[in-house]
Amino acid sequence: MKVIFFVLIDCLLVYAQPNLDSIIKSISKDPDTTKIRILNDYAWINRGKNPSAALKSGQEALRIAQSIDNKSLQAKSLNLIGVIYRNLGDYDKAIANYKDALRNAEAVKDSLQTAFSFNNIGGIYRLIGNNPLSLEYVLRALNIFESLNHKEGMAFCSINIGLVYKNQSDYVKALEYLNYTLRIRNEINDNSGKALTNNLIAEVYFDMREYNLALKYYLEAENGYKEIDDKKGIAAVWGGIGGVFYSQNKLNDALKYRMQALDLSYKIEYKEGQIINHNNLALIYAKLGDFNKAEYNLKGSQKLTSAVQATYVQLQSYRFWSQYYEIRKDYLGALKYNNKYITLKDSLLNQENIALVRSMESIYKAEKAEKEKSVLEKDLELKEKQRNYLIVIVMLIMAIAVITYNRYHSKKVANEKLQELNAVKDTFFRLIAHDLKTPFNAIFGYTEILKEDFHELSDEEILSFISDIGKAAKQNYQLLENLLMWSQSQSGRLEFNPKQINLKEIILESCDLLL
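Given the structure is predicted, the values throughout are model-derived calculations rather than measurements. (Residues numbered from 1 in each chain as written. Predicted model: local features only at pLDDT ≥ 70, side-chain atom pairs only at ≥ 80, totals over all residues. Heavy atoms only, no water.)

1. Some thoughts on the overall build of the protein
Within the protein, the regular secondary structure consists of 20 helices and zero strands. Across the 515 residues of the protein, 40% fall into the buried class. Per element, the accessible surface of the protein, about 29,800 Å² overall, is 57% carbon and sulfur. (Helix = DSSP H or I, 4+ residues; strand = E, 2+ residues; numbered from the N terminus. Buried < 20%, exposed > 50% of the residue type's maximum accessible area, 1.4 Å probe, protein only. Areas by Shrake-Rupley, 256 points an atom, 1.4 Å probe, with all protein chains shown as cover.)

Shown next as structure tokens:
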């Protein structure tokens, strides 16, 4: 069986290689940063269905990033490479790449890649059973992601926290964080993240022995993984569905799904999936009475388990051996492995570690609440300032409106007064023109008579006409003087110069004007 699996792996790699090589060739003339982005995207997309090609793509992206000395892009490639090694079960190489990514990200103050590195490191510590240290790194990552409002990063962190509580059998807290993750994934329309989260929720319900709910979420996850062609996810779901059928004593259905999951796990080099499915197949074969196949699968799992450092995988292996011997009614063998299981479980789930995890989460939540309170207070202070500014602005607007209205009203009054003055002026000038015109009529009339009838007029008549002309000229002169004096009075230049006048003469002169 193993030979067939390895042949399938070789065929897959031969098939996939030209695809990656053609991509590398097609981007040969692109800028280096574009090459890195495309290669990293390829590595991320293929991490669960073709890890060998994904690893090569990530390493090529890293090489180019190093050649241009871009530490941010180096950090991103190193984080991706670490994810692939984690999926392959090589936790030493995974954490080494994560820590290299962290050093590069911190060197250039790249907050986003720093946060991804923290969360990835925390994920490895969770897998090897160090829950307090795992939570410490994950909470540091979550703090950065929240400050950046990076939803995807926040979802990655909440998955890790949920799995820490799942490992401690605190299923209520695990579901709280996983459902929070699912809400974020739906909010940002992350299909890959939704499928993963549904799968993990199904695992929690399975541990709670809520098999119908577990199956519901497994089927949702299966549909999601198939849409994005995530083979690692599909393998995990098939294994989970096989577990549900086993728990319901539907052994043939369980066998079918476990075999599918195991085959696919070998094709994609998914070591954790290989171990889990070998262990579960052992129990199925044991219940079916085929103890040779059962032991073959248990030993295959044991060999694979020794190559990885996943403490929880080792824990489950002890449990499966114990259950296998119990099915065979070998109670001494069952007791032996059960004692190993309990010893390792107690070291992982001791009350001190559980209390420490709860304490760390409580401290984080308290600090978060304090930050939110501080932000709220600053927000209220800002709103108070804005309200005061608004009041001042409204008052200024009202003052400007009053001033504008007063100026408008004053201008209107002034315009009305000006119109009145203009009307008086017009009337005054009409009267002046009339008064000036009248003496000139007398002058023109007498002058015309003297010119036409001079030889026919007597001396007395000529003298009389000349006298009348002089009188008319004098009247005009006095009228002009009066006009000049009025002009001086209007401009304030008239000097006060009192003198005696003959009132009788003034009256007579005025009467003459009316005759």
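2. Brief notes about empty space enclosed by the protein
Under the criterion given, the structure shown has one cavity of 30 Å³ or more. When the residues that make up the lining of the largest cavity are grouped by side-chain class, the tally is four nonpolar, two polar and three charged. (1 Å grid on protein atoms, 1.4 Å probe; cavity = no way out; pocket = protein on both sides within 12 Å on 5 of 7 lines; lining within 4 Å. Points joined across faces, edges and corners; volume = space filled by probe spheres on them. Nonpolar A, V, L, I, M, F, W, Y, C, P; charged D, E, K, R; others polar.)

3. With respect to the environment of Ser 117
By secondary structure assignment, the location of Ser 117 is in helix α6 (residues 111-127). Look at Ser 117 and you get buried, because its relative accessible area is 0%. Residues Ser 117 and Leu 102 lie 15 residues apart in sequence; the distance between their C-alpha atoms is 5.4 Å. Those residues in contact with Ser 117 that lie beyond four places of it in its chain are Asn 79, Tyr 98, Ala 101 and Leu 102. Here the side chain of Ser 117 touches Asn 79 through a polar contact of 3.2 Å, side chain to side chain. (Contact = heavy atoms within 4.5 Å. Polar contact = N/O pair within 3.5 Å; in protein donor to acceptor, adjacent residues only side chain to side chain.)

4. Remarks on the side chain of Asn 40
Tracing the backbone shows Asn 40 in helix α2 (residues 32-45). Once residues within four sequence positions are removed from consideration, Asn 40 is found in contact with Ala 61, Leu 73, Lys 76, Ser 77 and Leu 80.

5. Some remarks on the nonpolar core
Generally speaking, a soluble globular protein has its nonpolar side chains buried in company with each other. With 93 residues, the main nonpolar core has Ile 161 and Tyr 324 as its most contacted residues. Those residues within four positions of Ile 161 in sequence are excluded, and the remaining contacts are Leu 135, Val 138, Leu 139, Leu 142 and Tyr 177. With 11 residues, the next largest nonpolar core counts Leu 39, Ala 53, Ala 61 and Ala 65 among its residues. (Core = buried A, V, L, I, M, F, W, Y, C linked by side-chain atoms within 4.5 Å.)

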